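The primary structure of each chain is shown beneath.
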Amino acid sequence: MSGARKVALVTGSATGVGAATAQGLARRGYDVVINYSRSQAEAQATEEACRAAGADTLLLRGDVAQDADCRALAAAAAERWGRIDALVNNAGISVFGESAGWDALDLEAFQRIYAVNTVGSFQMVRACVPHLKATRGCIVNVSSIAGSLGIGSSLPYIASKGAMNAMTLHLARNLAPEIRVNAVCPGLITSRWFVDGIGQEGFERLKATVEKTAPLQRASTPEDVAEAIVWLVDGARTTTGELLLLDGGMHLGGRQPVVAR
């Protein structure tokens, strides 16, 4: 194994949580693979920020739904640095539609969302496992409270994240002791992903609802989620099989009413 610096591969790292995670790991001394499927300009900006933090980088286009692309990402990292220490499965997609909006829930939607969110994550794990075993590395899956609470942008998305959570637990058992496997499960994130999905007005209404009802009265920023991911990667040495909810306490069912006296 060559090189003293550790290496992280972050899928979907052009924008949002992925970009914040890549930059956070760069600041912690990791060299970083920055992956994108469409947002090339934003990915280049992420790469510049990582380099400014002192990281060596690889900027690679790839669709995690394609197994050949997953294998190519892992192979490029191994060829460049001779190691992979962390895989962050962040790439994800959705359709936005209420459960009653059955037209948003056709076969094509299910298959594409599963192909990226669930199968794509598995394919990345399979491609990276030999390298992660060699470094006693880790995997962090970026899931959602959708998979834990059964709420979210659409039924296909909810189902895909539930599958990711179950896969996280299975992998944690079966890749131990060499590889730690955990997931983060954010709620609302103040990123363009939600704005693109439900529009600015819808996003502002949702954000206001979260800030009113969640115990901590705030939504997560991409940097909040990235901070948890970086901790799971670079710390948390005895932590595996965890589904870390990052929703301001929303899963608790809201704040308890205060009884007037």
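To keep things clear, this report deals only with the structure shown in the data block.

Criteria and cut-off values
- Residues numbered from 1 in each chain as written.
- Predicted model: local features only at pLDDT ≥ 70, side-chain atom pairs only at ≥ 80, totals over all residues.
- Heavy atoms only, no water.
- Helix = DSSP H or I, 4+ residues; strand = E, 2+ residues; numbered from the N terminus.
- Polar contact = N/O pair within 3.5 Å; in protein donor to acceptor, adjacent residues only side chain to side chain.
- Contact = heavy atoms within 4.5 Å.
- Salt bridge = Lys/Arg side-chain N within 4 Å of Asp/Glu carboxyl O.
- Buried < 20%, exposed > 50% of the residue type's maximum accessible area, 1.4 Å probe, protein only.
- Core = buried A, V, L, I, M, F, W, Y, C linked by side-chain atoms within 4.5 Å.
- Axes fitted to C-alpha atoms, helices over the stretch in contact; angles between N-to-C directions.
- Parallel < 35°, antiparallel > 145°, perpendicular 65-115°, else oblique.
- Left-handed = near helix turned anticlockwise from the far one by under 90°.
- Nonpolar A, V, L, I, M, F, W, Y, C, P; charged D, E, K, R; others polar.

Our focus in this paragraph is the side chain of Ser 143. Among the secondary structure elements, Ser 143 is positioned in the loop between strand S5 (138-142) and helix H5 (146-149). A polar atom in the side chain of Ser 143 sits 2.7 Å from the side chain of Asn 165. Look past the residues within four positions of Ser 143 in its chain and what remains in contact with it is Lys 161, Met 164, Asn 165, Ala 183, Val 184, Cys 185 and Pro 186.

Tallied over the full model, the rule gives 12 salt bridges. Between Asp 63 and Arg 112 there is a salt bridge, with its nearest N and O atoms 3.4 Å apart. Linking Asp 63 in the loop between strand S3 (57-61) and helix H3 (67-81) with Arg 112 in helix H4 (residues 107-135), this pair joins segments that are 49 residues apart in sequence. By relative accessible area, which is 37% here, Arg 112 ends up partly exposed. In this structure, a network of salt bridges that share partners links the residues Arg 28, Asp 234 and Arg 237.

So, about the nonpolar core. Leu 25, Val 32, Val 184, Val 225, Ile 229 and Val 233 are the most contacted members of the largest nonpolar core, which totals 35 residues. Elements that contribute at least two residues to this core include exactly strand S1 (7-10), helix H1 (16-27), strand S2 (31-36), helix H2 (40-52), strand S4 (86-89), S5, helix H7 (192-213) and helix H8 (222-234). The biggest single contributor to this core is H8, with six residues. Apart from residues no more than four positions distant in its own chain, Val 32 is found in contact with Ala 8, Val 10, Ala 22, Ala 26, Asp 56, Thr 57, Leu 58 and Trp 81. With 31 residues, the next largest nonpolar core counts Ala 91, Ile 139, Met 167 and Ala 172 among its residues.

On to unusual backbone geometry, then. Of note, the bond from Ala 176 into Pro 177 is cis; its omega dihedral lies within 30 degrees of zero at 5°. Looking at the element boundaries, Pro 177 is found in the loop between helix H6 (155-175) and strand S6 (180-186). The phi angle at Gln 217 is positive, at roughly 55°, despite the residue not being glycine. Note on Gln 217: relative accessible area 45%, which makes it partly exposed.

Okay, the packing of H4 against H6 next. With their axes 8 Å apart at the nearest point, H4 and H6 run at an angle of 20° to one another. What the angle tells us is that H4 and H6 run roughly parallel. The hand of the H4/H6 crossing is right-handed. Mapping the contact onto sequence places Phe 110, Ile 113, Tyr 114, Asn 117, Thr 118, Ser 121, Phe 122, Val 125 and Val 129 in H4 and Leu 155, Pro 156, Tyr 157, Ala 159, Ser 160, Lys 161, Ala 163, Met 164, Met 167, Leu 171 and Leu 175 in H6. Residues of the contact of H4 with H6, tallied by class, amount to 15 nonpolar, four polar and one charged.

Packing of H1 against H8 brings their axes to within 8 Å, and their N-to-C directions diverge by 50°. What the angle tells us is that H1 and H8 run oblique. The hand of the H1/H8 crossing is right-handed. Between H1, through Gly 16, Val 17, Ala 20, Thr 21, Gly 24 and Leu 25, and H8, the contact on the second element is made entirely by Pro 222, Glu 223, Val 225, Ala 226, Ile 229, Val 230 and Val 233. The class makeup of the residues in the contact of H1 with H8 is nine nonpolar, three polar and one charged.

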